Amino acid sequence: MTLEELYRTMAKEMGPQPWLKPGTPWAETPVEIMLGAILVQNTNWRNVEPSLIQLKAQTGFDPAKLREYTPATLIPVIRSSGFYQRKSAAILSLAAWLGRAHDDLAALKQRDGASLRKELLSITGIGNETADYILMYTLDHGTFMVDTYARRLFAWLGAEMPKTYPAFQKKVMGQLDFGLADYQEFHALIDEFGKRVKTDADFAESFLAGRRLTV
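Residues numbered from 1 in each chain as written. Predicted model: local features only at pLDDT ≥ 70, side-chain atom pairs only at ≥ 80, totals over all residues. Heavy atoms only, no water.

Visitor: What exactly am I supposed to notice about the packing of aromatic side chains here?
Guide: The full count for this structure, using the stated rule, is 12 aromatic pairs. An angle of 55° between the planes, with centres 5.1 Å apart, marks the rings of tyrosine 133 and tyrosine 137 as tilted. Of this pair, tyrosine 133 and tyrosine 137 both sit in helix H9 (residues 128–138), 4 residues apart, roughly one helical turn. Each member of the pair, tyrosine 133 together with tyrosine 137, is buried. Judged by centre distance (5.0 Å) and plane angle (15°), the ring pair of tryptophan 156 and phenylalanine 203 falls under stacked. One end of the pair, tryptophan 156, is in helix H10 (residues 148–156); the other, phenylalanine 203, is in helix H13 (residues 200–204), and 47 residues separate them in sequence. The exposure classification of tryptophan 156 matches that of phenylalanine 203, with both residues buried. (Phe/Tyr/Trp six-rings, centres within 6.5 Å; stacked < 30°, edge-to-face > 60°. Helix = DSSP H or I, 4+ residues; strand = E, 2+ residues; numbered from the N terminus. Buried < 20%, exposed > 50% of the residue type's maximum accessible area, 1.4 Å probe, protein only.)

This is the structure in structure tokens:
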């Protein structure tokens, strides 16, 4: 099956995914989503929640208030998320980047996605996956995220994909004509499937068992 057939099959079998839609937990503001994307690196959401609760109480997720912090004052606030030295640097660099754009997210959304991605990747502590997460869920630029769940699913489906993130992403996006909503939903479906289907045995019992992906 093609990539689009995979998407349509997953959507039919699993239904709409409430993934970071307005009003869902930890998706009240775009800046909150950005911070969550940084804090969840190399940890689980359970460890991130206390950090976000403290950040909300102290800053209201206002980038200007974030810029008042130093690593020494920010680290105690986000300590529960682990890797707090690197993550504090990333948050402060992100807040500075937003400041250079006058904290105008509406204006950022109007910019070219490729240039935004390049700037995000230049920020300390933001790699490919985090940059794409921020692009797709806060700046309205659709993309394909090459996370662990995607790599595992494509391997189960017999697709031989490039090892590097950019090459994998390019190969997928070259075959899809998706808008933002479909890219968001495809990512949500893949990740939800990955949370439910964790082993080869699980996959053998899933609705995708025996299917092959042509990429």
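The discussion continues.
Visitor: I would appreciate a short explanation of the packing of H10 against helix H12 (residues 180–196) in the present structure.
Guide: Each pair of packed helices gets described by two things: the angle between the helix axes and the distance between those axes. For the pair H10 and H12, the least separation of the axes is 9 Å and the interaxial angle reads 75°. With respect to H12, the axis of H10 lies roughly perpendicular. On H12, the residues touching Tyr149, Ala150, Arg152, Leu153 and Trp156 of H10 are Ile190, Asp191, Phe193, Gly194 and Lys195. For the contact of H10 with H12, a count of residues per class yields 6 nonpolar, 1 polar and 3 charged. (Axes fitted to C-alpha atoms, helices over the stretch in contact; angles between N-to-C directions. Parallel < 35°, antiparallel > 145°, perpendicular 65-115°, else oblique. Contact = heavy atoms within 4.5 Å. Nonpolar A, V, L, I, M, F, W, Y, C, P; charged D, E, K, R; others polar.)

Visitor: Whenever I open this one, the nonpolar core confuses me. Can you help?
Guide: Within soluble globular proteins, side chains that are nonpolar tend to cluster in buried spots. Within the largest apolar cluster, 70 residues are counted, with the highest numbers of intra-cluster contacts made by Leu6, Met10, Leu120, Leu139, Phe144, Leu153 and Phe154. If we ignore the near neighbours within four places in the chain, the residues touching phenylalanine 154 are Leu3, Leu6, Phe144, Ala159, Met161, Phe168, Val172, Leu213 and Val215. (Core = buried A, V, L, I, M, F, W, Y, C linked by side-chain atoms within 4.5 Å.)

Visitor: Help me understand H10 in this model?
Guide: The periodicity of an α-helix, 3.6 residues per turn, causes residues three or four positions apart to be oriented the same way. All of the buried residues in H10 are Ala150, Leu153, Phe154 and Trp156. End-on, the buried residues of H10 take up no more than an arc of 160°, which puts them together on one face. Those residues of H10 that are exposed and angled more than 90 degrees off the buried face are Thr148 and Ala155. Contact partners of the buried residues in H10: helix H1 (3–14), helix H11 (165–173), H12 and H13. (Arc of directions from axis to C-beta.)

Visitor: Got a minute to help me understand the environment of glutamine 175 in this structure?
Guide: Here glutamine 175 lies in the loop between H11 and H12. It is 8.6 Å that separates the C-alpha atoms of glutamine 175 and threonine 2, two residues lying 173 residues apart in sequence. Sequence-distant contacts of glutamine 175, defined by excluding residues within four places in its chain, comprise Leu3, Thr214 and Val215.

Visitor: I keep staring at the pattern of salt bridges and nothing clicks. Help me out?
Guide: Once their charged atoms are close, side chains differing in charge can pair, the charge on each being opposite to the other. With the rule as written, the count across this model stands at 7 salt bridges. One salt bridge connects lysine 56 with glutamate 28, and the closest N-O pair in it is separated by 3.0 Å. Here lysine 56 is found in helix H3 (residues 45–59), whereas its partner glutamate 28 is found in the loop between H1 and helix H2 (30–39), with 28 residues between them in sequence. Residue classification places lysine 56 among the partly exposed positions, given a relative accessible area of 39%. One salt bridge connects aspartate 103 with arginine 67, and the closest N-O pair in it is separated by 2.8 Å. Highlighted residues: aspartate 103 in the loop between helix H6 (84–100) and helix H7 (105–109) and arginine 67 in the loop between helix H4 (63–66) and helix H5 (71–78), separated in sequence by 36 residues. With relative accessibility at 34%, the residue arginine 67 sits in the partly exposed group. (Salt bridge = Lys/Arg side-chain N within 4 Å of Asp/Glu carboxyl O.)

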